[in-house]
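One-letter residues, chain by chain:
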Amino acid sequence: MDQGLLVPDELTCDLVMDRIQQDDCKNGFILDGFPRTIPQAEALTAALDHINQKMDFAIDVDVPDENIVNRMSGRRACLNCGATYHIVSIPTKVEGICDRCGSEVVLREDDKPETVQKRLNVYHEQTQPLIEYYAAQNILKTVDGTQPMEKVFADIITILEK
Ligand SMILES: [Zn+2]
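Only a predicted model underlies this, so the values are computations on that prediction, with no experimental measurement involved. (Residues numbered from 1 in each chain as written. Predicted model: local features only at pLDDT ≥ 70, side-chain atom pairs only at ≥ 80, totals over all residues.)

Caption draft 1: A look at the overall build of the chain. Looking only at helices and strands, the chain has six helices and five strands in total. Order of helices (α) and strands (β) in the chain, N terminus to C terminus: α-α-β-α-β-β-β-α-α-β-α. A compact globule built from 162 residues would reach a C-alpha radius of gyration of about 15 Å, whereas the chain, at 19 Å, exceeds it by more than 25%. Dimensions of the chain, computed from C-alpha atoms along their principal axes, come out at roughly 55 × 40 × 35 Å. A total of 162 residues make up the chain; the buried ones form 8% of that total. (Helix = DSSP H or I, 4+ residues; strand = E, 2+ residues; numbered from the N terminus. Rg over C-alpha atoms; globule rule 2.2 N^0.38 Å. Buried ≥ 20, exposed ≤ 12 C-beta atoms within 10 Å, placed from the backbone.)

Structure representation (structure tokens):
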């Protein structure tokens, strides 16, 4: 990681396996952002199988690309103090000016439509195949991620409580 290289799948999976075998995971755990690729998912399935465990659900929070690009392009960040805003959902009191420190707020390079679309292309290529992978195991649940945040959260809780 120090060299800016990608961490090999086996190492990532080992780290996750160590973590989920700690006491606070006895009653269950949620993985967010892992696995991201088919090889990672296969390594995880094998490692869980090894300790007689399996995943109960894989939750796909579904949001069309267009919504993601629009949401991200509304983000604004203060490069001086690190505060973040959104032109629709968390606007600054004075347009373009940070509430906290008075500096200018900007659209970060990471949030620009062309950068976001590049990340989405990587997602479609590497991560989206997991939807089919977990659907084939009959554990895929899909939640409509375009709903208000509270409704998305409630839908996920409903799935987990079953
Ligand atoms: Zn600021």
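Caption draft 2: Spatial organisation of the environment of Leu160. Within the element layout of this structure, Leu160 appears in helix H6 (residues 149–161). For the pair Leu160 and Ile59, spaced 101 residues apart in the sequence, the C-alpha separation amounts to 9.7 Å.

Caption draft 3: Quick peek at the sheet that holds strand S4 (residues 105–106). Strand order in this open sheet of three strands is S3-S2-S4, and the pairing throughout is antiparallel. Looking along the sheet, the strands with just one partner apiece sit at the ends: strand S3 (84–86) and S4. Examined bridge by bridge, strand S2 (residues 75–78) and S3 share three bridges and lie antiparallel to one another. Bridge pairing links Arg75 to His86 in S3. (Pairing = 2+ DSSP bridges.)

Caption draft 4: Up close: the environment of Pro113. With respect to the secondary-structure elements, Pro113 resides in helix H4 (residues 113–127). Judged by the 13 C-beta atoms lying within 10 Å of it, Pro113 is partly exposed. For the pair Pro113 and Gln40, spaced 73 residues apart in the sequence, the C-alpha separation amounts to 28 Å.

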